[in-house]
Structures are given as structure tokens and as C-alpha cells.
Amino acid sequence: PLSPYVESFLQSQGFSMERSKQPATSSSYNLLPTPVRIVDNTAYVCQLPGCRQLLSEKVAKAFDIRCVDLVLKSKTPPSQSYFMPLSDGHALCYLDGFDEKSQQKIQSEFQVLAVNHEEALLGACSGVLVSPYVILPESCHRTQLELAQYGYAPVALPVHNNSTQQTVSLQDMVLAI
């Protein structure tokens with residue numbers, strides 16, 4: 001469940017909150033650790049190169065939606081996401097993090113707001129979208145400027161690193177607005 005603060009904020013921004021009457025069910029599909037971004041009826045599934053079993057097949061079957069495979073160049077998973085769909089057909093993306101075929105898929109479906117490698121590693125593509133706000137780490141200055149040029153309202157949030165892990169919660173990000 002959402003905290004009362006987050007729920008109140010979302011309602012003040014015009015979002016309606018509906019509670020499901022159906023009990024939650026568990027899934028036998030292990031979808032982690034690779035990021036899955038869902039836009040409308042499409043799941044964009046980021047995968048490491050050379051995966052024997054495509055995660056997107058499991059996602060498509062489990063949720064009955066269209067899936068687009070996005071294959072990362074590196075065999076080592078990045079500490080942050082390299083792809084973040086926004087509204088109005090835009091996406092924040094560090095294109096060089098994906099293989100050529102995946103880059104073409106992203107560019108054919110989105111107008112890409114390019115993120116450089118340094119800011120991708122800082123979490124520029126791991127932000128939170130509460131349209132028109134995009135909450136992202138304050139150290140992502142170029143990405144903030146790019147977002148503002150396309151009509152988004154970037155909200156910079158200080159991020160504290162404990163050597164390798166960020167300690168900012170979703171609630172902290174939304175409340176920063």
C-alpha cells in the first residue's frame with residue numbers, strides 16, 4: 001500500500017486511487033534482477049547479452065502484453081538503469097549501453113533524450129516520473145537541462161551513497177516535489 005503522504009500527493013496531482021478487491025496472487029516468474037519498464041501495453045525488457053532464455057517470453061506470457069527485448073552491451077549488469085520511458089513518446093536513454101539492434105528499437109519507438117555515461121551511472125535513467133515531474137539525482141545536471149527543454153519539470157534530489165548503494169526511497173523522491 002502507498003503511504004498516506006504519497007497517496008495525498010498523487011491525488012492532489014489529479015491521479016485517482018482505486019483499491020483492488022481481489023487478493024494478491026504470487027507469480028512463479030522470477031523477473032528480477034533485470035529492469036522491465038512498462039509503457040501502455042508494452043514491456044521493455046533489459047537483458048544481458050547471451051541470455052539463453054529470453055525474459056521477455058516470460059513477461060509476455062505472465063502479463064499478456066507485447067514485449068521488446070533490449071540487450072545490454074556489457075555482460076556485467078549496470079548498477080543503474082540505462083533506459084527510462086517518459087510521457088509523450090520520450091525516453092531518457094544511455095544508448096551506448098545497448099547493442100545496435102536495441103538502439104534501433106528504442107529510437108524507432110521513442111524520441112530519445114540522450115543521457116551521457118557519467119550521468120547514467122549516477123542514476124539519470126533510474127528516476128521517477130510523476131508527469132510532468134521527473135525526479136532524479138541532483139548530480140545529473142545535463143539530464144535536468146535536457147528534460148526542461150522538452151517541457152518536463154526536473155526535481156533534483158540529493159542522493160547519498162553508502163559506497164555502492166543509493167539510500168533514497170520512492171517516497172523520498174515523490175515527497176521531494
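Scroll up for the structure.
Residues numbered from 1 in each chain as written. Predicted model: local features only at pLDDT ≥ 70, side-chain atom pairs only at ≥ 80, totals over all residues. Heavy atoms only, no water.

Engineer: Give me helix H5 (residues 141-149): which residues, what numbers.
Structural biologist: Taken residue by residue, H5 has Thr143, Gln144 and Leu147 as its buried positions. Viewed along the axis of H5, the buried residues span an arc of 105 degrees, placing them on a single side of the element. Turned more than 90 degrees away from the buried face of H5, the exposed residues are His141, Arg142, Leu145 and Gln149. Following H5 by one or two positions, Gly151 adopts a phi angle in the positive range, close to 90 degrees. (Buried < 20%, exposed > 50% of the residue type's maximum accessible area, 1.4 Å probe, protein only. Helix = DSSP H or I, 4+ residues; strand = E, 2+ residues; numbered from the N terminus. Arc of directions from axis to C-beta.)

Engineer: An account of the sheet that holds strand S6 (residues 111-114) is requested, with residue identities and associated values reported.
Structural biologist: Read across the open sheet, the 3 strands follow the order S4-S5-S6; overall the sheet is mixed. Looking at strand neighbours, the two that pair on one side only are strand S4 (83-85) and S6, the edges of this open sheet. When the angles between neighbouring strand axes are averaged without regard to direction, this sheet yields 25 degrees. Across 4 bridges, the pairing between strand S5 (residues 90-93) and S6 is parallel. Within S6, the residue paired with His90 across the bridge is Gln111. (Pairing = 2+ DSSP bridges. Axes fitted to C-alpha atoms, helices over the stretch in contact; angles between N-to-C directions.)

Engineer: Any chance you could break down unusual backbone geometry for me, citing the residues and the numbers?
Structural biologist: Looking along the chain, the bond that leaves Ser131 and enters Pro132 is cis, with omega of 10 degrees. Mapped onto the fold, Pro132 is located in the loop between strand S7 (128-130) and strand S8 (133-137). Here Asp40, not a glycine, exhibits a phi torsion of approximately 50 degrees, which is positive. Counting through the fold element by element, Asp40 comes out in the loop between strand S1 (36-39) and strand S2 (42-47). Phi is positive for Asp64, close to 50 degrees, though the residue is something other than glycine. Here Asp64 lies in the loop between helix H2 (55-63) and strand S3 (66-71). Of the residues examined, Asp64 reaches a relative accessible area of 68% and is grouped as exposed.

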